[in-house]
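Coordinate analysis (summary)
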Amino acid sequence: MNRLGRKDNETLIEMSLATDGEDSNGPLCETISNTESELRSNSEGLSSTETSLLIPDHQVTGRRYNLFLKRRLRINKRHQSKDSVFFRDGVRRIDFVLSYLDDPNKEEEKKVERRREFEKNLQKAGLELETEDKKESEDGKTYFVKIHAPWEVLITYAEVLNIKAPIKENDIPPTVENPLDCMLEPFRLPEKVMHPEPDYFTAPFSKSRQELYLIDNESTFFSASRRNRIVYYILTRCPYGTEEGKKKFGIKRLLSNGTYTAAYPLHDCQYWKKSNDPNCDNERYTLYMEWARFLRFYKEQPLDLIRKYYGEKIGIYFAWLGFYTEMLFFAALVGLICFLYGLFTMDENMSSTEICAPAIGGEIIMCPLCDEKCEYWKLNTTCESSKYSHLFDNVATLFFAIFMGIWVTLFLEFWKRRQARLKYEWDLVDFEEEQQQLQLRPEYEAKCTHRKKNPVTQELEMVVKKKTLHENGKLFLCYIGIIFGISLIIASMIAVIVYRLAVYAAFASIMENTQTLQPISGLLTPQLATSVTASCLNFVIIMILNFLYEKIAVWITDMEIPRTHLEYENRLTMKMFLFQFVNYYSSCFYVAFFKGKFVGYPGTYTYMFSRWRNEECDPAGCLIELTTQLTIVMAGKQIWGNIQEAIVPWIWNWWGRRKARCNPENLYSRWEQDHDLQSFGALGLFYEYLEMVIQFGFITLFVASFPLAPLLALMNNILEIRVDSWKLTTQFRRPVAAKAHSIGVWQEILNGMAILSVVTNAFIVAFTSDMIPRLVYYYAYSTNEDSPMSGYINNSLSVFQVSDFLEGKRPENNPENFLTCRYRDYRYPPGHEKKYLHTMQFWHILAAKMAFIIIMEHIVFIVKFFVAWMIPDVPAEVKARIKREKFLTQKILHEYELNKLKQKLCECKTYENMEKEVIATEGKVELSQAM
């Protein structure tokens, strides 16, 4: 496969397969190990043909001299500190480490053969290996294979991966500083931490014109993150043999079948102290001291240093998380003001005043909450809950719902601008999905057995053959898995609803009959008690199903065999998000839009499965129950997430290091220290995004019911940034660096949730809260000009005649012989010709609700789209800098080409031919500039 369209370059896989069977006539590099090591045979030499595939012949002599030096250094190897990131010679840097156990069993011979073949092919690719025997490991059972990528390998694959390299220091003057920046000085980090590297003009690396780049030192020209990215690219494509008639390759397969136990790049030093090596940058130590400690929560994040150490993909995540947290501050502030408004006006709320008044609420007899066992009850028993309901169900709720609709648009638009600035600063302007398409997944490449002409390039490409009956059967199983997952979600949601209905009746009978509960019955109503317990149960079910959904989503995505890493991540993201969306939000949607909407009326109640009577809302409305549900699920998820992210890895690492902690530094090597840490995993960042996007849904989809949700999210995210940075720096192995120019498909998910949030909040205000019925009563049905809202509670309750109860539904006890009872609805009273039918006021309220939804949605959508149109995605200053940098880079490359042509003229070409080449080159540059 030709990554760059070059006919003279072979990929690692083609190279290794082409050289099988060559005779060996000389060593390229030596695999150093003790006598007991099984890898001693790996030191066999390679043929000159194999050597010349990626490494030029003229370097073999120098390698042989290095072998002599290495043999000499083996004598003094124990005098070198093992807390080092270099081979035993102290010169070659360890770019990657593989580990495996000496565990004799039936499969061990096969694993030994796989390792031998795999490491032999790694050597063919130009990598240099050094093995630490198990006797030198802390547990006495683990071998460590250290990998070093020499210069020729780095520059070869830097061109394959289109890595950009500096060609000139950036001389564009910086932007003018804001005079108000001095106020932010306490939140700033030192300049050296914020900008660890100078800013350069860059160009994609080319092996044929190395003199163009600013190469001061070959050993430090490529950063450690780029080096491990290159080595990992080779590891994922290196073959290790043929099994069952199929070609096998890639470190991922070897890890999954137990041939190796771990594969990871090294941290540069210990996080709590600097390295003894004067040449070490101590970036991990700096990140821990300036970023990963909670006491630095008020400081800005060193995004450039994060990007340099962990790669652009992790850097862009923390940039997004930090920006999201900053924007949450404004939403949290407005939400807090709305909550305080409800708190200060609680005593002025006429609805709760009438409910609590003995002459009004104390005289209103409500119909039983369940059949037969429940008794009649007085309205004023819900006094306290009605007061607390006003905290969230007031006129400020409408304002906050509209504000959040505009806030989410501002957040997404300003993030696009921030992202565009990062793309410029991190040399990602030209990094698009098309470049990621070049990086095919090894699992896809293994399935490519046919060639097909690309309609765009007109070149033959390897493609997957048409699906066989067996593969179609696998896809069928995938769809069955999806149906199973959806069915499980629906079943769990129905189970929780049934629990609510059954427990609701139990709570209603207990709380209204048992005198011992009277002291708390005012606050803990049957509705609230049911909501709290059901929310806790639902949260437990959510946590259990999450584990199952993850396995199903990963399994289905693997079966689909996506072509590229980008496609794989996007497909997995959509599946996981859809599963999690239904899992987390289904209970909130039920309380917001279904509970209390299909109850019926006394004598003609509706039942689920003809057994359980549907739940009723509290007389003060269902909004307080939605708030309870949202608070428990959201807060519980955040607390449990922080426990999973921080405490669980710490416990595992403590357990793994409990013996090694007593060992001195010279016995506990750098690769062993990192080996005892947890693996971040290929999907580690995926779960971080998923957690934040689910939280984003809580603060946008249902924020009208809980104005304090952004404040909870803000406090969680301040902690989340430091927890994520702490665990990444101290508890996890160093992840393999990866490039990314955006947050990917998560951006589209956020846009979709922003649009959906406008609809859900409009429906919550209209149908879940009591705002619209109160407004209709205020303007159309109130008869008291001095206090327009007085009489609202009596107006919102209909009358039912007790004698109309059906047999088997009538309460068993009626000691006071009540003739009528009240229930929450707008229906005609007994004796009316339209007995128990909906009144005209019901239809007026319904029409007002629908009109409100349409008006609110249109207003918010118009403002959203206008704001999005007004704010450009890329700042004008960044556009100008991008154009300027492209122009200067083009000029530098043009001058370089001219100088090369002049040198050729002096060597072997006539002036006439040379002049034509110069003119052609200048014309090409002018044309490209004009385009």
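Thresholds applied
Residues numbered from 1 in each chain as written. Predicted model: local features only at pLDDT ≥ 70, side-chain atom pairs only at ≥ 80, totals over all residues. Heavy atoms only, no water. Phe/Tyr/Trp six-rings, centres within 6.5 Å; stacked < 30°, edge-to-face > 60°. Helix = DSSP H or I, 4+ residues; strand = E, 2+ residues; numbered from the N terminus. Buried < 20%, exposed > 50% of the residue type's maximum accessible area, 1.4 Å probe, protein only. Lys NZ or Arg CZ within 6 Å of the ring centre and 35° of its normal. UniProt positions renumbered as here; feature names shortened; annotations may be inferred. Expected span 1.5 Å × (residues − 1). Polar contact = N/O pair within 3.5 Å; in protein donor to acceptor, adjacent residues only side chain to side chain. Axes fitted to C-alpha atoms, helices over the stretch in contact; angles between N-to-C directions. Parallel < 35°, antiparallel > 145°, perpendicular 65-115°, else oblique. Contact = heavy atoms within 4.5 Å. Nonpolar A, V, L, I, M, F, W, Y, C, P; charged D, E, K, R; others polar. Pairing = 2+ DSSP bridges. Disulfide = S-S within 2.5 Å. Salt bridge = Lys/Arg side-chain N within 4 Å of Asp/Glu carboxyl O. Core = buried A, V, L, I, M, F, W, Y, C linked by side-chain atoms within 4.5 Å. Lys, Arg positive; Asp, Glu negative; His and termini not counted. pLDDT = per-residue confidence, 0-100.

1. Topic: the packing of aromatic side chains
A full pass over the atoms with the stated rule returns 56 aromatic pairs. Here F861 and F865 contribute two aromatic rings whose centre-to-centre distance is 6.0 Å and whose plane-to-plane angle is 15 degrees, an arrangement assigned as stacked. Here F861 and its partner F865 are both found in helix α29 (residues 840-870), four residues apart, which amounts to about one turn of the helix. We classify F861 as buried; its relative accessible area is 18%. Accessibility expressed as a relative area gives 53% for F865, which makes it exposed. The aromatic ring of Y100 is capped on one face by R115, whose charged end is 4.0 Å from the ring centroid. The ring of Y233 carries the charged tip of R237 above its face, separated from the ring centre by 4.2 Å.

2. Looking at the UniProt feature "transmembrane region" (unreviewed entry) in the protein
Following the UniProt record, one finds the feature "transmembrane region" (unreviewed entry) at residues 317-344, 395-415, 475-508, 528-549, 576-594, 693-714, 749-769 and 842-871. End-to-end, the C-alpha atoms of residues 317-344 are 40 Å apart, and along that stretch the chain is 100% helix and 0% strand.

3. Some words on the environment of E616
Checked against the element boundaries, E616 lands in the loop between β16 (612-613) and α22 (623-656). Each C-alpha atom of the pair E616 and K595 lies 6.8 Å from the other, and the pair is 21 residues apart in sequence.

4. Focus: helix α15 (residues 395-425)
With 31 residues, α15 should cover 45 Å at 1.5 Å per step; its first-to-last C-alpha distance of 45 Å lies within 8% of that length. At the N-terminal boundary of α15, the capping side chain belongs to N394, with an oxygen 2.9 Å from the backbone nitrogen of A396. A positive phi of about 60 degrees marks D427, the residue just after α15.

5. Some details on the packing of helix α21 (residues 565-593) against helix α26 (residues 745-768)
The interhelical angle for the contact between α21 and α26, taken along N-to-C directions, is 10 degrees, at an axis separation of 13 Å. Our classification of the angle between α21 and α26 gives roughly parallel. The residues of α26 that touch α21, namely those facing N570, T573, M574, F577, F581, Y585, F589, A592 and F593, are V745, W746, I749, M753, L756, T760, F763, I764 and T768. Broken down by class, the residue content of the contact of α21 with α26 amounts to 14 nonpolar, four polar and no charged.

6. Looking at the sheet that holds strand β8 (residues 262-264)
With antiparallel pairing, the four strands of this open sheet are ordered in space as β2-β3-β1-β8. Of all strands in the sheet, those bounded by a partner on one side alone are β2 (128-132) and β8. In this sheet, adjacent strand axes meet at a mean angle of 15 degrees when their direction is disregarded. Sheet topology places strand β1 (residues 96-101) next to β8; three bridges connect them, and they run antiparallel. Its bridge partner lying in β8, L98 is registered against A263. Strands in contact with helix α4 (residues 108-124) are β1, β2 and β3 (142-148); relative to β1, the strand with the most contacts, it is inclined by about 165 degrees.

7. What to know about the state of the cysteines
In total, this model carries two disulfides according to the counting rule given. Note that C367 is cross-linked by a disulfide to C821, the S-S spacing being 1.9 Å. Since a negative S-S torsion denotes a left-handed disulfide, the C367-C821 link at about 85 degrees is right-handed. A residue pair is termed long-range when its members are at least 10 positions apart, and C367 in the loop between β9 (365-366) and β10 (377-378) and C821 in strand β18 (residues 820-824) qualify at 454 residues.

8. Comments concerning the pattern of salt bridges
A side chain of one charge can pair with a side chain of the opposite charge if their charged atoms are brought near each other. Applying the stated criterion to the full structure yields 27 salt bridges. Across the pair R116 and E113 runs a salt bridge whose closest N-O atoms are separated by 3.2 Å. Pair noted here: R116 and E113 are both in helix α4, with a separation of three residues, about one helical turn. Judged by relative accessible area, E113 falls into the partly exposed class, the value being 42%. The partner of D770 in a salt bridge is R824, and the shortest N-O contact between them spans 2.6 Å.

9. Looking at the environment of C338
Turning to its location among the elements, C338 is positioned in helix α12 (residues 312-344). Accessibility expressed as a relative area gives 5% for C338, which makes it buried. Along the chain, C338 and F400 lie 62 residues apart, while their C-alpha atoms are 7.2 Å from each other. The contacts of C338, once residues within four sequence positions are left out, are A396, F399, F400 and P707.

10. Comments concerning the nonpolar core
Of all hydrophobic cores here, the largest spans 128 residues; its most connected members are W320, Y324, W407, F411, Y585 and F698. Looking at this core, the element that brings in the most residues is α12, giving 16 residues. The residues contacting W320, other than those within four sequence positions of it, are F411, W415, Y689, M692, I743 and L750.

11. Concerning helix α10 (residues 283-292)
Along an α-helix, residues three or four apart share an orientation, since each turn contains 3.6 residues. The element α10 is extensively covered by neighbouring structure, given that eight of its 10 residues are classed as buried. Restricting attention to buried positions, one finds in α10 the residues E283, R284, Y285, L287, Y288, E290, W291 and A292. Against the buried residues of α10 lie α6 (191-194), α11 (303-310), α12, α23 (670-675) and α25 (709-731).

12. Points about the packing of α15 against α26
Axis separation between α15 and α26 bottoms out at 9 Å; the angle between their running directions is 170 degrees. Here α15 lies roughly antiparallel to α26, going by the angle between them. Counting all contacts with α15, which are made through T397, L398, A401, V408, L412, W415, K416 and Q419, the residues of α26 involved are Q747, L750, N751, A754, N761 and V765. Along the lines of polarity and charge, the residues of the contact of α15 with α26 split into eight nonpolar, five polar and one charged.

13. Some remarks on the environment of T345
Residue placement: T345 occurs in the loop between α12 and α13 (350-356). For T345, a relative accessible area of 14% translates into the label buried. The spacing of T345 and H390 is 45 residues in sequence and 8.4 Å in space, taken between C-alpha atoms. Polar contacts involving the side chain of T345 include one to the side chain of H390, which spans 3.0 Å.

14. Structural notes on the side chain of R733
Structurally, R733 is set in the loop between α25 and α26. Despite its burial, R733 pairs with no opposite charge; the closest candidate is D676, at 7.0 Å N-O. Sequence-distant contacts of R733, that is, excluding residues within four places in its chain, are made with A262, Y264, H267, D674, H675, L677, Q678, S679 and F680.

15. Re the confidence of the model for the protein
Put simply, the protein has an average pLDDT of 78, and 78% of its residues get 70 or more. Note on residues 1-65: pLDDT is under 50 here. Beyond four places in sequence and across chains, it has 131 contacts. Confidence over residues 67-79 falls short of pLDDT 50; this stretch has 17 contacts with residues more than four positions distant or in other chains.

16. A closer look at the side chain of D268
In this fold, D268 is placed in the loop between β8 and α10. Summary of buried charges: D268 has no salt-bridge partner, and the nearest side chain of opposite charge, R734, is 5.6 Å away. A polar contact of 3.5 Å, which involves the side chain of D268, links it to the backbone nitrogen of N282. Among residues more than four places away in sequence, those in contact with D268 are V85, R93, C280, D281, N282, E283, R284, Y309 and R734.

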